[in-house]
2 protein chains.
Amino acid sequence: MTARKGKNPSELEIFRDFLKHQGMRYTPERETIIREIFSTHEHFDVDSLYLSIRQKGHRISKASIYRLIPLLIQANLIEEVFFEKGQMHYEHIYGHEHHCHLRCKQCSKIEEFSDHRVAQIEQDLEKRFGYKVLRHRLDVIGLCKSCQKKAAESS
Amino acid sequence: MTARKGKNPSELEIFRDFLKHQGMRYTPERETIIREIFSTHEHFDVDSLYLSIRQKGHRISKASIYRLIPLLIQANLIEEVFFEKGQMHYEHIYGHEHHCHLRCKQCSKIEEFSDHRVAQIEQDLEKRFGYKVLRHRLDVIGLCKSCQKKAAESS
DNA sequence: GGCTTATTGACATTGAATAGCAATTTCTTT
DNA sequence: AAAGAAATTGCTATTCAATGTCAATAAGCC
Ligand SMILES: [Mn+2]
Ligand SMILES: [Mn+2]
Ligand SMILES: [Zn+2]
Ligand SMILES: [Zn+2]
């Protein structure tokens, strides 16, 4: 809630405020992890995040990542994207347009899209069920062009 | 593909054909599990399914359930619904209208709904990205009426 | 600086999901 | 109907993502 000066606060500022508000502490480990998450637009899982942090020479334990993720979700900085091969996958959402995912069942390729009709559906749901909608997750599963071609050739 | 006689084949008939087509075998254990899954419209996880099967006096191992689920998904009889508290949750889809889920973040209450606009979105995605869409999953997360009330009272 | 207490990293533990295997059972073939 | 090949079962052991424990450390407040 400390959005001074009209400028958009950075994810680090947001998170620092969040921590203070909760009586928690801002540490170099947390900063390093957040910087890494926001350094690309890629989706990530704990393992891939851990590896890319280590590759840059930082020495952070996996436990710290596991402990940080729920806090980042609470602070609305990241979101669960999908659960695949036994692991949860995430992406950072702060500073990016909300979007949904079109995924290839075969090769796991992902296209991102957004569609205003989903917001309309949400509004109708609020009226119809009396829920207060917080967010949504629309995953569309299909076959990408090249996987369709492969499937056609092998038949 | 053995839809003879105009009548809709039962889930057991569907699955029997599926197994034959794959060179697999139809067993009493598989039949028991499928009957249980299709005996209600409830969502289920492996544990709850196992318990309700045991409560009816059947003696089936959990391993058989874990092994059957991927087959039922392949045969389009069930689908993953959501991943929560470390477990995947499923529902049977054969014989029921497709629907999406509106879930309360607080109390996990679930409303089911369907909206034709999602199908329109799918069509647009096929054109735009060249994917062949197979299915979708739209989860809307929010606060149900009573959880909103509770939240308002405690502030 | 000094004090309180959250956080870290190392290690142990949990628990869903999977793998291995011998005893059965299904299902095709005579 | 009996036999044989191969899939399935139930058991156990194993994997591995995620969580818990705890002493040492470090952040944040005075
Ligand atoms: Mn994305
Ligand atoms: Mn449902
Ligand atoms: Zn593909
Ligand atoms: Zn609720």
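Structural data are supplied above this passage.
The structure displayed is predicted, hence computed values, not measured ones.

Chemist: I would appreciate a short explanation of the interface of chain B and chain A in the present structure.
Modeler: Accessible area lost upon the coming together of the parts serves often as the stated size of an interface. Taken residue by residue, the interface counts 38 residues in chain B and 38 residues in chain A. Interface of chain B and chain A: buried area, both sides summed, is about 3400 Å²; carbon and sulfur atoms make up 66% of it. Looking only at chain B, the three residues that lose the most surface to chain A are Arg117, Ile121 and Tyr131 of chain B, adding up to 21% of its buried area. Here chain B and chain A share two salt bridges between them. The partner of Asp124 of chain A in a salt bridge is Arg117 of chain B, and the shortest N-O contact between them spans 2.6 Å.

Chemist: Would you mind going over helix H2 (residues 28-38) of chain B with me for this structure?
Modeler: Residue pairs spaced three or four apart in an α-helix point in one direction, given the helix's 3.6 residues per turn. Among the residues making up H2 of chain B, those that are buried are Thr32, Ile33, Ile34, Glu36, Ile37 and Phe38 of chain B. On its buried face, H2 of chain B sits against helix H1 (11-21), helix H3 (46-55), helix H4 (62-74), strand E1 (78-84) and strand E2 (87-92) of chain B.

Chemist: I keep staring at the protein's contact with DNA strand C and nothing clicks. Help me out?
Modeler: In the vicinity of DNA strand C, 19 residues are found, and the nearest of them are Arg25, Arg30, Ser64 and Arg67 of chain A together with Arg25 of chain B. When the atoms of DNA strand C within 4 Å of the protein are sorted by group, sugar and phosphate make up 70%. Note that a phosphate oxygen of DNA strand C is positioned 3.3 Å from one of the backbone N or O atoms of Arg59 of chain A. At 2.5 Å, a side-chain N or O of Arg25 of chain B approaches a base oxygen of DNA strand C.

Chemist: Help me understand the relation of the copies chain B and chain A in this model?
Modeler: Note on the chain copies: they are related by a rotation about an axis and a translation along it. Taken as rigid bodies, chain B and chain A are interconverted by a rotation of 180 degrees and an axial shift of 0.0 Å, the fit giving an RMSD of 0.1 Å. Between the two chains, the operation in question is that of a two-fold axis. Looking at the rotation axis and the C-alpha trace of chain B, the residue lying nearest is Leu138 of chain B, at 2.2 Å.

Chemist: Please clarify how the packing of H3 of chain B against H4 of chain B should be interpreted in this entry.
Modeler: Each pair of packed helices can be summarised by the angle the axes make with each other and by the distance between the axes. Residues and elements named next belong to chain B. Here H3 crosses H4 at 125 degrees, and the two axes come no closer than 10 Å. Considering their axes alone, H3 and H4 lie oblique with respect to each other. Handedness of the H3/H4 crossing: right-handed. Across the interface between the two elements, Val46, Asp47, Leu49, Tyr50 and Ile53 from H3 touch Lys62, Ile65, Tyr66 and Ile69 from H4. When grouped by side-chain class, the residues that make up the contact of H3 with H4 number seven nonpolar, no polar and two charged.

What counts and how
Residues numbered from 1 in each chain as written. Chains lettered and ligands numbered in written order. Predicted model: local features only at pLDDT ≥ 70, side-chain atom pairs only at ≥ 80, totals over all residues. Heavy atoms only, no water. Contact = heavy atoms within 4.5 Å. Buried area = accessible area lost by both parts, 1.4 Å probe. Salt bridge = Lys/Arg side-chain N within 4 Å of Asp/Glu carboxyl O. Buried < 20%, exposed > 50% of the residue type's maximum accessible area, 1.4 Å probe, protein only. Helix = DSSP H or I, 4+ residues; strand = E, 2+ residues; numbered from the N terminus. Near = heavy atom within 4 Å. Polar contact = N/O pair within 3.5 Å; in protein donor to acceptor, adjacent residues only side chain to side chain. Least-squares fit on C-alpha atoms with pLDDT ≥ 70 in both. Axes fitted to C-alpha atoms, helices over the stretch in contact; angles between N-to-C directions. Parallel < 35°, antiparallel > 145°, perpendicular 65-115°, else oblique. Left-handed = near helix turned anticlockwise from the far one by under 90°. Nonpolar A, V, L, I, M, F, W, Y, C, P; charged D, E, K, R; others polar.

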